[in-house]
Amino acid sequence: QVQLVESGGGLVQAGGSLRLSCAVSESVFRFNAMTWYRQAPGKQRELVARITSADWTNYADSVKGRFAISRDNAKNTVYLQMNSLKPEDTAIYYCGAVRNYVTTWGQGIQVTVSS
């Protein structure tokens, strides 16, 4: 069973930056896609960013131009660089590994953006 561990979250002021990391217990190349989702209180989990095995990326409209997903195959790690953070980015962020239409999740990490 693959394991994913997120790190890099915390409290930041609006306009600041954070980089989330997701360490994966298997080669990230073995997955169809790696994803970042987030869930704010009282809201549904939503897709933030996705990167496929072919390095195709897509983003939620709300984060385009501010967030960037990337991966380091040698380190089995996926990153989410978050810039120009806004209070509405406050949420628990989850890393997901997709294989054959099944997603395995990390435990999630809190990101709080103060105004």
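Up top you'll find the structure we're talking about.
Let us look at the structure shown here. Note that the coordinates shown come from a computational prediction; the quantities given were computed from them, not determined experimentally. As a convention, each chain's residues are numbered from 1 in the sequence order in which they are written. It should be noted that, the model being predicted, local features are given only for residues of pLDDT at least 70 and side-chain atom pairs only at 80 or more, the latter also being counted only at that level, while totals for whole chains, interfaces and linings use all residues. To get the side-chain values, all heavy atoms of the structure are used, and hydrogens and water are removed first.

What follows is about the state of the cysteines. Counting rule for disulfides: a pair of cysteine sulfur atoms within 2.5 Å. As enumerated under the stated definition, the model contains one disulfide in all. Here Cys-22 pairs with Cys-95 through a disulfide, and the sulfurs are 2.1 Å apart. Taking the torsion about the sulfur-sulfur bond, which here is approximately -80°, the covalent link between Cys-22 and Cys-95 counts as left-handed. Here the residue Cys-22 occupies a position in strand E3 (residues 18–24), and Cys-95 occupies one in strand E9 (residues 91–99), the gap between them amounting to 73 residues. We note that Cys-22, like Cys-95, is buried. Secondary structure follows DSSP: runs of H or I at least 4 residues long count as helices, runs of E at least 2 residues long count as strands, and numbering of each begins at the N terminus. Here the term buried applies to any residue with accessible area under 20% of the maximum for its type, exposed to any over 50%, and partly exposed to those in between, with areas from a 1.4 Å probe on protein chains only.

Right, let's talk about unusual backbone geometry for a bit. Residue Asn-76 is not a glycine yet carries a positive backbone phi of 50°. For Tyr-101, which is not glycine, the phi dihedral falls at a positive 70°. The residue Tyr-101 is located in the loop between E9 and strand E10 (102–105) in this model.

Turning to the environment of Gln-1, a few remarks are in order. Position of Gln-1 relative to the elements: it lies in the segment before strand E1 (4–7). Between the C-alpha atom of Gln-1 and that of Glu-26, which follows or precedes it by 25 residues, the distance is 9.3 Å. Excluding its chain neighbours within four sequence positions, the residues that come into contact with Gln-1 are Ser-25 and Thr-104. We call two residues contacting when some pair of their heavy atoms lies within 4.5 Å.

Turning next to the environment of Ser-115. Turning to its location among the elements, Ser-115 is positioned in the segment after strand E11 (109–114). When the C-alpha atoms of Ser-115 and Gln-13 are compared, they prove to be 6.2 Å apart, with 102 residues separating the residues in sequence. With sequence-adjacent residues up to four places away left out, Ser-115 is seen in contact with Ala-14 and Pro-87.

Before going further, it helps to spend a moment on the packing of aromatic side chains. By convention, a stacked pair of Phe, Tyr or Trp rings (six-membered ring in the case of Trp) has centres within 6.5 Å and planes under 30 degrees apart, an edge-to-face pair has planes over 60 apart, and any other such pair is tilted. By the definition in use, this model includes one aromatic pair. Note on Tyr-37 and Trp-105: the rings are 5.1 Å apart at their centroids and 90° apart in plane angle, and the pair reads as edge-to-face. Here the residue Tyr-37 occupies a position in strand E4 (residues 33–39), and Trp-105 occupies one in strand E10, the gap between them amounting to 68 residues. Trp-105 sits in the partly exposed class, given a relative accessible area of 34%. Each ring is checked for a lysine NZ or an arginine CZ that lies within 6 Å of its centre and within 35 degrees of its normal; such an atom marks a charge sitting over the ring. Sitting over the ring of Tyr-94, Arg-45 keeps its end group 3.7 Å from the ring centre. Its end group placed over the ring of Phe-29, Arg-71 keeps NZ or CZ at 5.1 Å from the ring centre.

We define a salt bridge as a contact between a side-chain nitrogen of Lys or Arg and a carboxyl oxygen of Asp or Glu at a distance within 4 Å. Applying the stated criterion across every chain yields a total of seven salt bridges. Residue Arg-99 pairs with Glu-26 through a salt bridge whose shortest N-O separation is 3.1 Å. With Arg-99 in strand E9 and Glu-26 in the loop between E3 and E4, this pair connects stretches of sequence that are 73 residues apart. Arg-99 gets classed as partly exposed once you look at its relative accessible area, which sits at 26%. One salt bridge connects Glu-46 with Arg-38, and the closest N-O pair in it is separated by 2.7 Å. A relative accessible area of 35% means that Glu-46 is categorised as partly exposed. Arg-38 sits in the buried class, given a relative accessible area of 6%.

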